[in-house]
Amino acid sequence: MPKQESFDTTIKQERAILVGVITQDESEAKVREYLEELEFLVDTAGGVTEKIFTQKMTHTDRATFVGKGKLEEIQAYVRSEEIDLVVFDDELTPSQIRNIENELEVKILDRSNLILDIFASRAQTAQAKAQVELAQLQYLLPRLTRLWTHLERQKGGIGMRGPGESQIESDRRIIQTKISILKEKLKLIDKQNGTQRKNRGQLIRVALVGYTNVGKSTIMNMLSKSDVFAENKLFATLDTTVRKVVIDNLPFLLSDTVGFIRKLPVHLVECFKSTLDEVREADILMHVVDISHPNFEDQIRTVNETLKELGVADKKTITVFNKIDAWKSESGHDAEILSLDDFRNSWMGKHNSPAVFISALNKENLEELKQLVYEQAKAMHTVRYPYDNLLF
C-alpha cells in the first residue's frame with residue numbers, strides 16, 4: 001500500500017518588517033510610538049513583525065519614500081530573511097508603491113491599506129461591509145496602474161497594441177460604477193437607521209467613544225449584560241451596537257461605536273461618518289480612556305480632535321479612565337500605590353470632570369460609574385420630560 005503524504009494546512013503568519021521616517025516635523029520618540037502601534041496593527045491583521053527600520057530625513061523621498069541606501073539595506077534584509085511583506089507607516093503614492101515593489105519584489109503595504117484590510121476582516125453587518133468596500137475602492141482607484149505592470153513586459157504587434165491602457169480604463173469605469181452603487185446603498189441604510197433612531201427618541205441616549213482597544217465593548221457588556229465581541233486587538237468592534245440599559249428605575253440607550261486611531265485613512269473617516277451618527281445624536285458621551293497606555297494623553301487628544309471634526313465636542317461628556325489595574329507610574333511603580341482617592345485627586349481626575357476610574361476587566365469601582373451615568377442621564381431626562389412622574 002503506497003504511503004500517504006501529509007500536508008500542513010495551517011495558515012502561516014506572514015513575516016513583516018516596518019518602515020518609518022523621522023522628519024523635522026516629528027520627534028524620534030513620536031515615530032517610535034507610531035511604529036509600535038503599526039506593529040499592533042500587523043499583529044491584529046494576523047502577521048508577525050520581524051524588524052523595524054527607521055531613517056532620519058528632512059522629508060520623505062518622492063520616488064521611494066526612504067533614501068536609496070536605506071532601501072538597499074531593507075532589500076538585503078528582505079532577501080536574507082525571506083520576508084513576506086513590508087509595511088510603511090505613512091500613506092504611499094501609487095508611484096512610490098510601484099518603485100518600491102520593483103526594488104524589493106515583495107508585497108508592499110502602507111498604514112492605510114493595512115487598516116482597510118483589518119476593517120474588511122472585521123465588518124459583519126451590511127452597512128459596515130459596504131462602508132469598508134467603498135473605502136477600499138476609493139483607495140484602489142488611483143492605484144490601478146501598478147496592478148497592470150505585467151502588461152509592460154508583453155511585446156507589441158498585431159492584437160497586442162495598448163491592452164494595458166484599455167484594461168485600466170475598463171477597470172476604472174467598473175470601480176466608479178461600483179462606488180456609485182455603494183453610495184446609494186449606504187444612503188438607503190442611513191435612511192433606515194435614521195428612522196430607527198427616531199423611534200428610539202424618547203429615551204436618553206449614551207454613546208461610548210474612545211481610542212481603539214481601550215475597553216469600550218467590555219464596558220458595554222458589563223453595563224448592558226450583553227455579549228458584544230471584545231478582545232485585545234485593534235478595531236475589535238466595527239458595527240455600532242445599541243442596547244437598552246436600566247439603572248435603578250431609569251432606562252436609557254447605550255451604543256458602542258468604532259474606535260478612533262491616529263492617521264486613520266481619509267476614505268475610512270468619510271465612509272464611517274454615517275456610523276458615527278449615533279455619536280452625533282447621543283445626549284451624553286462616555287469617553288473611555290486606557291489609563292495604562294503610556295501615551296494615553298495623546299490618545300485623548302486624538303479622540304477630542306475627531307469629536308471636534310464630527311461637531312460634537314460640546315456634548316456632555318463623562319471621562320471613564322479604564323484599566324486602573326494595569327496602570328504604572330512614570331517611575332514604573334504598580335497601581336497598588338494609588339488608591340481610588342489618589343486617582344480622583346490627580347490631575348487626570350481634576351481636569352476631566354466628571355470623571356471616574358475603573359477596571360472593567362476586574363469589575364472594580366463599577367458602582368461609581370453606574371451612579372455617575374445615572375445622575376447625568378436623570379438630570380437630562382428631568383429637563384426633557386419635566387412632567388414624567390413615573391420615574392422619579
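For the structure itself, consult the block above.
A brief report on the enclosed structure follows. What you are looking at is a predicted structure, and each value in this text was computed from that prediction instead of being measured.

**A few points about helix α13 (residues 366-384)**
Helix length check: α13 (19 residues) gives 27 Å between terminal C-alpha atoms against 27 Å at 1.5 Å per residue, within 8%. All buried positions along α13 are accounted for by Leu366, Leu369, Leu372, Val373, Tyr374, Gln376, Ala377 and His381. Each element contacted by the buried residues of α13 is listed here: α7 (216-224), β6 (241-247), β7 (250-256), β8 (284-290), β9 (316-322) and β10 (355-357).

**Structural notes on the nonpolar core**
Ranked by internal contacts, the top residues of the largest apolar core, which has 59 residues, are Ile219, Leu254, Met286, Val320 and Leu369. With 6 residues, the single largest contributor to this core is α13. Sequence-distant contacts of leucine 254, that is, excluding residues within four places in its chain, are made with Val206, Leu208, Met220, Leu223, Thr241, Val242, Arg243, Val245 and Met286. Formed by 23 residues, the second largest nonpolar core is a distinct cluster that contains Phe53, Met57, Val78 and Phe88.

**What about the side chain of serine 217?**
Mapped onto the fold, serine 217 is located in helix α7. A polar contact is formed between the side chain of serine 217 and the side chain of aspartate 256, at a distance of 2.7 Å.

**Observations concerning the side chain of lysine 70**
Tracing the backbone through its elements, the reader meets lysine 70 in helix α2 (residues 68-81). A polar contact of 3.2 Å, which involves the side chain of lysine 70, links it to the backbone oxygen of threonine 54. What lysine 70 contacts, discounting residues up to four positions off in sequence, is Phe53, Thr54 and Gln55.

Definitions and cut-offs
Residues numbered from 1 in each chain as written. Predicted model: local features only at pLDDT ≥ 70, side-chain atom pairs only at ≥ 80, totals over all residues. Heavy atoms only, no water. Helix = DSSP H or I, 4+ residues; strand = E, 2+ residues; numbered from the N terminus. Expected span 1.5 Å × (residues − 1). Buried < 20%, exposed > 50% of the residue type's maximum accessible area, 1.4 Å probe, protein only. Contact = heavy atoms within 4.5 Å. Core = buried A, V, L, I, M, F, W, Y, C linked by side-chain atoms within 4.5 Å. Polar contact = N/O pair within 3.5 Å; in protein donor to acceptor, adjacent residues only side chain to side chain.

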